[in-house]
Amino acid sequence: MEGEGTDRPRLEKLPDTARMSPGSTGSYTDRASAPALPIPEPPSRTPPSSSTNVIDAVLRGKSDLFFGSREILRESYVPARLPHREEQTRKVAEILVPALRGDLPSNLLIYGKIGTGKTVVVQQVRHEFQRRPEAEGKVTFLAVNCATIDTPYSLLQTIGNSLAPTESDRIPTGWSLDRVHTALRDQIDRKGGIYLLVLDEIDRLVARSGDGVLYTLAQINTELSRSRVALIGISNDLKFTSHLDARVRSRLNEEKLVFPPYDAAMLEDILQDRAKEVFREGVVDSGVIKRCAAYATLESGDARRALALLRLAAEIAEREHAKRITSEHVVKAKSRLELDIIAECCRTLPSQCKILLYSILQMYERRRAGVLTGEVYEAYSRLCQRLGLEPLHSRSISNYLSELENLGLIRAVVVSRGRGGRTREIVVDVPIAETFPALAEDPLLAPLVRPRGPGQTILTNFDNPDRTFTA
Ligand SMILES: Nc1ncnc2c1ncn2[C@@H]1O[C@H](COP(=O)(O)OP(=O)(O)O)[C@@H](O)[C@H]1O
Ligand SMILES: [Mg+2]
């Protein structure tokens, strides 16, 4: 929860010294004149230990690429400029500006796919408001991320607690929802003024808990005497309002903005801005930004993905002690990101589905060829028995197979078997060695893992104990 007073520090407000590289000694702020100075050896009376030498070496390697704080490449950083979102920023400001005159703005819904700049645009407008002296004490921004605060109780409690003047005014857990509602109403009405309540990822809240709590919030003004609340909902799901009760829909939808995805050229501009702020001049090869933008465009114009690629490419280059970030680093970053996504995807599967995938991977690993559905079911049942679990019915397994296919982890292919005979085989679409450890994190699958030397794990292949996998 972010209340007005709990704003995280913005990097653009840091003193110039905080923007200098670890190796710089002067007080320059002009980037072009910043020489790439080596880090001077720290004066030491006693000989440095070998671990100090290692850290020195790592730091020395690092200072070559970065000019500014690497936080600038993080998702949470709010840059001074938002290329290709000027119009949306102006519209959001226009809709909310009546608050500065003490009038209640219309409720606003912002839609757009992931990474289209919805959160950062609202953050930027919020920062602008907080710079205005006339907003002081009269306009309060509150922001909740409903991806994590996704139940009616936790939502009302979190908003109420962000306004609680003392510890004893905080709303504990275990009250009735009505009581929390009353306490929240009293908190909001205490100070007076306009409250701009940002419900980010509002679609997640509705998917998890329905729209009842939105109804409560949308009509809270009828219960307030000194304060008033405008709602700003942000949704990644373009069809989100179709899940809403008609009354809630019309209340929330007073104003509506749709953020289109970025194209490759737009993503390049966004990355270029960040690169100028964060990297030393000349260390980013031509082609790097283009490639990051092109990859991210293939995946629906997501600025978050584009920034993640650039950040990871820089980290890989740094670890390799490279003097420059090259297109090859971006290619490596892309594979790494894909692996991270696969691992994350595996972690969220139900345990039985993990066991199923585990047995498919084992068979595929052994054969390096497609496996038949019947064989998969047998292997899965054997694995369940060894884990002391009851195998699911083959119908549920068929559903799980479809789910794994939809997620892109496996693929069913039709192969001909001579004389016009055709069968369906399952092939694996993920890097096997890297996927096993993600599956084995599940405690139910823990018996499949035998600890080995430090940092290493053996994944047991029960079908063939001589063939085990080392991760
Ligand atoms: N126009 C832009 N200019 C600069 N950075 C942007 C722009 N749009 C998005 N970003 C950055 O991309 C990332 C994702 O944006 P975000 O606002 O979180 O997307 P959304 O909320 O639509 O999923 C953030 O790090 C954000 O700072
Ligand atoms: Mg967002």
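Along each chain, residues carry numbers from 1 onward, in the same order as the chain's sequence is written. Each chain is given a letter, starting from A, and each ligand a number, starting from 1, according to the order in which they appear as written. Given that the model is predicted, a residue must reach a pLDDT of at least 70 before its local features are reported, and side-chain atom pairs must reach 80 or more before they are shown or counted; all residues, however, enter totals for whole chains, interfaces and linings.

A. Layout of the overall build of the protein chain. Each helix and strand in the protein chain was counted, giving 16 helices and 11 strands. Residue burial is a threshold on neighbouring C-beta atoms within 10 Å of the residue's own C-beta, all placed from the backbone, with 20 or more meaning buried, 12 or fewer meaning exposed, and counts in between meaning partly exposed. Across the 471 residues of the protein chain, 34% fall into the buried class. Any two residues are considered in contact once their C-beta atoms, placed from the backbone, lie within 7 Å. Across the protein chain, the fraction of contacts at a sequence separation of at least 24, relative to all contacts at a separation of at least 6, is 71%. Helix and strand definitions follow DSSP, with helices as H or I runs of at least four residues and strands as E runs of at least two, each counted in order from the N terminus.

B. Up close: the sheet that holds strand β3 (residues 193–200). Pairing is parallel across the open sheet formed by five strands, whose spatial order is β2-β3-β4-β1-β5. Both edges of this open sheet fall to β2 (139–145) and β5 (255–259), since each of them pairs with a single strand only. Each strand axis lies, on average, 15° off the axis of its neighbour in the sheet, ignoring direction. In this scheme, strands are said to pair when DSSP sees at least two bridges between them. Sheet topology note: the β2/β3 ladder contains seven bridges and is parallel. Within the sheet, the bridge partner assigned to V144 lies in β3 and is L199. Here, axes are lines fitted to C-alpha atoms. For helices the fit covers the stretch in contact, and angles between N-to-C directions go from 0 to 180 degrees.

C. Representation of the nonpolar core within the structure. The term nonpolar core refers to a group of buried residues, namely Ala, Val, Leu, Ile, Met, Phe, Trp, Tyr and Cys, whose C-beta atoms join them within 7 Å. The biggest cluster of nonpolar side chains holds 51 residues, and the ones touching the most others in it are V144, L155, L196, V198, L199, L231 and I232. Discounting chain neighbours no more than four positions away, the residues touching V198 are V122, F141, L142, A143, I232 and I234. Grouped together as the second largest cluster of nonpolar side chains are 33 residues, L73, I270, A296 and L312 included.

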